[in-house]
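Fold and contact review
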Amino acid sequence: MNRSHAVDRRSTLALLAAGLLHPWRADAQDLTAPETAPGPQDIVLGQSASFTGAFAAQAHSYRAGAVAYFSHINRQGGLGGRRIHLRSLDDGYAVERATAHATTLLADPRVVALFGFMWTNTVRACVPLAEAARTTMFAPYTGYEALYRQPSPWVFTTRASFAQELQAILLHLHTVSLQRIGLLHYDSPSGLELLAETRQRMADLGMALKTTARMKVNDKNVAAAVQALSGEPLQALILGASGSDAVSFIRAYEPARRGRTRLYARSLVGTTQLIDELGPLSRGVSVSQTAPNPLRQRPVAVEYRQLLARQFPQSTPDFIGLEGMLAAKALVLALQRVRGDLTRTAVRNAIEDLGAVDLGGYALQFGPGRRHGSQFVDITMIDRDGRFVG
C-alpha cells in the first residue's frame, strides 16, 4: 500500500469512527442513511460536495456542523412538526458529477433549496442549473469573485469572498514588511484566477510576486512545484492548494524552506487536516478564516461544540464545521419566517427578508439586492501545540 492510499484509508476510518460516514454506505454517492429518509411532510435540502478525494475532510466537517444543527431543531419537533432532511451526494470534486447531482436534486419536487455545495468549479457549473430551476442555492462553500461581483438572485452566501481573504493576507504581509513572496496555485481556471488576482492586489499595494509554481488537483506529485519554488529564498509563500494537496506539498517543501519561509493560506486549505496529517510541520502556518474560532467562548462557538459533541461525539470542532452550523442556523431562521406553502420561491423570499441577524457573535445581513451575508475575515496561526491562535 502506497502512502497516499494509506492516508485515504486512515481518513475513511477516522470518518467512520466520528460517525460522519455510514459503514454500509461509505462508498456510495448518497451519504444519507436509509433510516433517515424524509417523510412526506419533511423539509428536504439537497447537497453535492466532495465527500471523497483530496477535499473530503472539509466536506464531511461542513456537513457535520450543518447536520448537528438540523438534528437539534428536529429533536425540538422540527419546524411546525416538519423535520429538516439534508440529502448529501458525493461528487468527488468532479464537475460532471456535481451537475448530474444538482439536476437530480432539482428534479425532485420535495427539494426546496440547495445547500452547502462546495468548491469553485463545481459551484460555478451548478449555479445556472439552480437559476433555471428558480431554486435557492444557500451557503455554497466557495468565494470566487464572479459570484460576488455579479450576484445571482438565487444564490445567498454566508462567508466572505476569496478576494477578501486574499486581501487580508496581503495587507498582513505588507504590514509586517515581507517582500519576497511566492505563490503556489492550481493548474486550473480557478488557480489562474488566483494568480491574476494576487498580482493585481499586490501591485495595488506596491508589491510583486517573486516566483510562482503550479500543481494539479488531486495529484500527489508535487516535485515540479517544489523545484520551482526552491531557487528563490522566500520570506512568505501563499498556498493556493487545499486538503491533501496542501498536505503533500508542505511535506515535500519542508526540506527546501527549512523553517525560513512563512506559509499563508486561505480558509479552504483545511486547518484541521493540516494539523492531523502534518503534525509539527503544520506549526506556524497562518490561515485566513471566514468563521470565528470554534474553540473560543463566543456564544455560537459554544453552541457548535455542544451540538457537535451530541451528534458526532468522536469528531473534532473546526472552522469549517462551524461554518456549516452557521449556514444551517441562518437557513432555519429564514424557514421559520415562511407563511403558507413552503415553496422554492417562498424560501428565497424568506432569506431575502431576513435583514440583519446575529447568530451568536457572527453577523449576517441579507436583503433586496444583498445576497452576500458576511465580510468576516480573521487571520489565525497554528501554534506549537496544534491550536489556533488569533
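Below: a short report on this structure.

Procedures and definitions
- Residues numbered from 1 in each chain as written.
- Predicted model: local features only at pLDDT ≥ 70, side-chain atom pairs only at ≥ 80, totals over all residues.
- Heavy atoms only, no water.
- Helix = DSSP H or I, 4+ residues; strand = E, 2+ residues; numbered from the N terminus.
- Rg over C-alpha atoms; globule rule 2.2 N^0.38 Å.
- Buried < 20%, exposed > 50% of the residue type's maximum accessible area, 1.4 Å probe, protein only.
- Contact = heavy atoms within 4.5 Å.
- Areas by Shrake-Rupley, 256 points an atom, 1.4 Å probe, with all protein chains shown as cover.
- Pairing = 2+ DSSP bridges.
- Axes fitted to C-alpha atoms, helices over the stretch in contact; angles between N-to-C directions.

**Re the overall build of the chain**
Counting secondary structure elements, the chain contains 13 helices and 14 strands. Scaling as 2.2 N^0.38, a compact globule of 390 residues should have a C-alpha radius of gyration of about 21 Å, and the chain matches this with 20 Å. On the principal axes, the C-alpha backbone points of the chain span a range of 65 × 50 × 40 Å. Taking all 390 residues of the chain together, the buried fraction comes to 57%. Sequence-distant contacts in the chain: of pairs separated by 6 or more residues, those separated by 24 or more amount to 68%. For the chain, the accessible area works out to roughly 15,800 Å², and carbon and sulfur atoms hold 50% of it.

**Overview of the pairing of strand β7 (residues 209-215)**
Walk down a regular strand and you will see the side chains alternate between the two sheet faces. Two strands pair when backbone bridges link them, and strand β6 (residues 181-186) and β7 are joined in this way by six bridges, in the parallel orientation. Its bridge partner being in β7, Tyr186 is matched across the sheet by Met215.

**Some words on the sheet that holds strand β5 (residues 155-156)**
Spatial strand order, β2-β1-β3-β4-β5: five strands in an open sheet with parallel pairing. The open sheet has two edge strands with one neighbour each: β2 (84-90) and β5. With two bridges connecting them, strand β4 (residues 137-138) and β5 associate as parallel partners. When the bridges of β5 are listed, Phe138 appears paired with Phe156. Where helix α12 (residues 319-335) meets the sheet, its contacts fall on β1 (43-49), β2, β3 (111-115) and β4, and the angle it forms with β3 comes to roughly 150 degrees.

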